Amino acid sequence: MKQVLRDERGMALALAIVAMVIVGALVAGALFSGTQEQRMAESSRFQQQSFGVAEAGASELIRTWNTTTFNGRRAYPQDSAATIQWTQAASNTGSFNGSVYKLADNLYLFDVTGRDTMSRANRLQGGGFNQRLGVLTRIKPLQVDIQASLTTGNSDQLAGQAVVDGNDHVPPGWLTCGPPGPALAGVRSDKGTTVDTGSASVRGSPPVLIDSTVTDSTFTKFGSINYTQLSAMANQTLPGQNFSNSIGPVLDASGQCDITVQTNWGDGVNPTLPCGNYFPVVHITGDATINGVQGQGILLVDGSLSVQGGFQWFGITIIQGQLKTSGGGSTDAHFWGATMVHDSVSFGTNTLSGHANINYSQCAVLKVLNATQKGALMRSRSWVQLY
């Protein structure tokens with residue numbers, strides 16, 4: 001019989017090498033798996049971070065709503081989208097940019113892209129993430145109690161050829177208004193007051209409405225906003241003074257509407273010109289006299305207002321004191337829209353004389369409300385991920 005070889009020297013080395021290879025493969029696999037898990041976790045984090053930046057950017061744009069930039073635009077594609085440049089998020093976790101599209105008079109789409117911190121630091125190397133959101137917003141207009149061309153809290157005295165007309169009027173040259181709406185009252189006044197028409201004319205349905213629901217809050221409370229809060233939103237705030245032919249549209253050197261001029265109150269007479277889309281909230285902190293020229297938007301007067309000459313205002317007028325008008329020059333009316341006179345500063349009689357007409361205009365009221373107020377999120381889900 002052959003002798004069995006029993007010398008097994010060298011097997012331990014082979015087994016050790018095999019074991020090391022197997023262990024190394026396991027370690028390499030575990031390392032690879034762990035690295036992949038870490039990368040996936042970081043990618044998810046950066047993805048969520050960029051999503052949060054985009055969401056925060058949309059919220060910030062709505063919070064700091066720019067009525068001049070957004071509201072004055074025509075619906076897309078008549079006007080191009082308003083562009084938002086890259087802006088650092090308040091959380092310092094990234095930046096955002098985007099575009100704002102006006103879809104209708106009171107509906108807007110915010111197209112916002114959020115970029116996380118890594119992609120900001122390594123965007124040339126392609127690191128990090130971008131997330132793109134679309135957010136629908138709507139204008140939340142003031143809830144102004146407009147039921148007449150002229151609403152007052154005290155007695156009124158009309159004379160001469162003055163006319164207060166509650167029938168719906170379209171201002172001259174305003175070509176985007178729809179058909180006239182239903183007529184409102186000519187003068188609406190608080191219970192216990194009198195309306196002396198004299199030789200003037202009051203028209204509407206009815207011409208004069210004595211309404212016990214007219215209270216102080218009619219002139220100071222507008223839904224969730226009061227008069228003080230509305231005044232704080234003013235584009236132009238000026239002390240009471242005599243504005244003698246100083247009110248009117250102003251263009252800058254490039255031919256654009258110069259909204260930095262305090263006496264530029266828009267251009268309601270020429271709605272197709274550059275200042276025709278500028279509807280400011282104008283706040284006068286005392287008594288004022290206005291003689292000539294024009295403006296549009298919301299006019300707030302803390303004191304009394306005296307209007308002379310051919311001055312025209314298109315929109316909503318809220319006066320806390322008295323209103324006195326005389327003459328009208330060659331213009332059809334001093335006021336187009338809705339006029340509200342509280343008469344809480346000096347208890348006298350609101351006087352209209354001469355060719356001092358006050359016309360109700362549904363178109364002017366709606367345009368002003370849509371142009372001067374800020375946007376708000378829809379109550380239901382208002383966003384969609386655009387990727």
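Read on for a plain summary of the structure. (Residues numbered from 1 in each chain as written. Predicted model: local features only at pLDDT ≥ 70, side-chain atom pairs only at ≥ 80, totals over all residues. Heavy atoms only, no water.)

1. What about the overall build of the protein?
The condition is simple: To qualify as a helix, a DSSP run of H or I must reach at least 4 residues; to qualify as a strand, a run of E must reach at least 2; elements of each kind are numbered from the N terminus. Radius of gyration: over C-alpha atoms. The globule rule applied is 2.2 Å multiplied by the number of residues raised to the 0.38 power. Relative accessibility thresholds used throughout: buried, under 20% of the residue-type maximum; exposed, over 50%; partly exposed, between the two (1.4 Å probe, protein chains only). Residue contacts follow a heavy-atom distance rule, with two residues in contact if any of their heavy atoms lie within 4.5 Å. Computed with the Shrake-Rupley method and a 1.4 Å probe, the accessible areas treat only the protein chains shown as cover for residues. Here the positive residues are Lys and Arg and the negative ones are Asp and Glu; neither His nor the chain ends is included. Note that the charge is assigned to NZ on lysines, CZ on arginines, CG on aspartates and CD on glutamates.
Summing up its helical and strand segments, the protein has six helices and 26 strands in all. The C-alpha radius of gyration computed for the protein amounts to 33 Å, which surpasses the reference 21 Å derived for 387 residues by more than 25%, pointing to a less compact arrangement than a globule. Expressed along its principal axes, the backbone C-alpha trace of the protein runs to roughly 145 × 50 × 40 Å. Looking at the 387 residues of the protein, the share that counts as buried comes to 44%. For the protein, restricting intrachain contacts to residue pairs at least 6 apart in sequence, the fraction spanning at least 24 positions comes to 59%. When the accessible surface of the protein is split by element, carbon and sulfur atoms take 54% of a total near 19,200 Å². Charge separation in the protein, taken as the distance between the mean sites of 24 positive and 25 negative side-chain charges, equals 15 Å.

2. Considerations on the pairing of strand β16 (residues 281-284)
This is how it is decided: Strand pairing is defined by DSSP finding a minimum of two bridges between the two strands.
Residues V281 and H283 line one face of β16 and the alternating positions V282 and I284 line the opposite face, and both faces are buried. Both strand β14 (residues 236-238) and β16 contribute to a ladder of three bridges, which runs parallel. Each residue of the ladder has a partner; that of L238, found in β16, is I284. In terms of strand pairing, β16 meets strand β18 (residues 294-301) through four bridges, oriented parallel. Bridging from a neighbouring strand, V281 pairs with I298 of β18.

3. With respect to the environment of T64
In this structure, T64 sits in the loop between α1 (11-63) and α2 (67-70). Overall, the relative accessible area of 39% leaves T64 in the partly exposed class. Counting along the chain gives 310 residues from T64 to K374, while the straight-line C-alpha distance between them is 8.6 Å.

4. Examining the packing of aromatic side chains
Our working rule: Aromatic contacts are taken between Phe, Tyr and Trp rings whose centres are within 6.5 Å, Trp giving its six-membered ring; a plane angle under 30 degrees counts as stacked, one over 60 as edge-to-face, and the others as tilted.
Going through the model one piece at a time under the given rule, you end up with nine aromatic pairs. Taking 6.0 Å as the distance between ring centres and 85 degrees as the angle between the ring planes, the aromatic pair formed by W265 and W313 counts as edge-to-face. Of the two residues, W265 is situated in the loop between β15 (242-244) and β16 and W313 in strand β20 (residues 312-319); the sequence distance between them amounts to 48 residues. For the pair shown, W265 and W313 are each scored as buried. Where F314 meets W336, the ring centres are 6.2 Å apart and the plane angle is 5 degrees; that geometry is what we call stacked.

5. Focus on the pattern of salt bridges
We apply this condition: Whenever a carboxyl oxygen of Asp or Glu lies within 4 Å of a side-chain nitrogen of Lys or Arg, that contact is scored as a salt bridge.
Scanning all chains against the criterion turns up five salt bridges. Salt-bridge contacts for R188 lead to D211; the nearest nitrogen and oxygen are separated by 3.0 Å. Here R188, found in strand β8 (residues 185-190), pairs with D211, found in strand β11 (residues 208-211); they are 23 residues apart in sequence, far enough to count as distant. Owing to a relative accessible area of 12%, D211 belongs among the buried residues under this scheme. A network of salt bridges, in which partner residues are shared, links D145, R188 and D211.

6. Quick look at the pairing of strand β22 (residues 335-341)
For β22, a buried count of seven out of seven residues is recorded, marking the element as mostly surrounded by other parts of the structure. Across three bridges, strand β5 (residues 148-152) lies against β22 in parallel orientation. Pairing of T151 across the sheet is with M340, part of β22. Judged from the seven bridges that link them, β20 and β22 form a sheet pairing that is parallel.

7. Topic: unusual backbone geometry
Here the residue pair Y76 and P77 is connected by a cis peptide bond, since its omega of 10 degrees sits within 30 degrees of zero. The residue P77 is located in the loop between α2 and β1 (82-88) in this model. Residues S205 and P206 are joined by a peptide bond in cis, for which omega reads -5 degrees.

8. So, the state of the cysteines
Inclusion rule: Two cysteine sulfurs form a disulfide in these notes if their separation is within 2.5 Å.
Taken as a whole and assessed by the stated rule, the structure comprises two disulfides. Two residues, C177 and C363, share a disulfide whose sulfurs are 1.9 Å apart. Because the sign of the S-S torsion sets the handedness, a value of about -75 degrees for the bond joining C177 and C363 places this disulfide among the left-handed ones. Of this pair, C177 sits in the loop between β7 (163-165) and β8 while C363 is found in helix α6 (residues 362-372), placing the two residues 186 residues apart along the sequence. We note that C177, like C363, is buried. With a sulfur-sulfur separation of 2.1 Å, C257 is cross-linked through a disulfide to C275. The S-S bond linking C257 to C275 shows a torsion near 105 degrees; that makes this disulfide right-handed.

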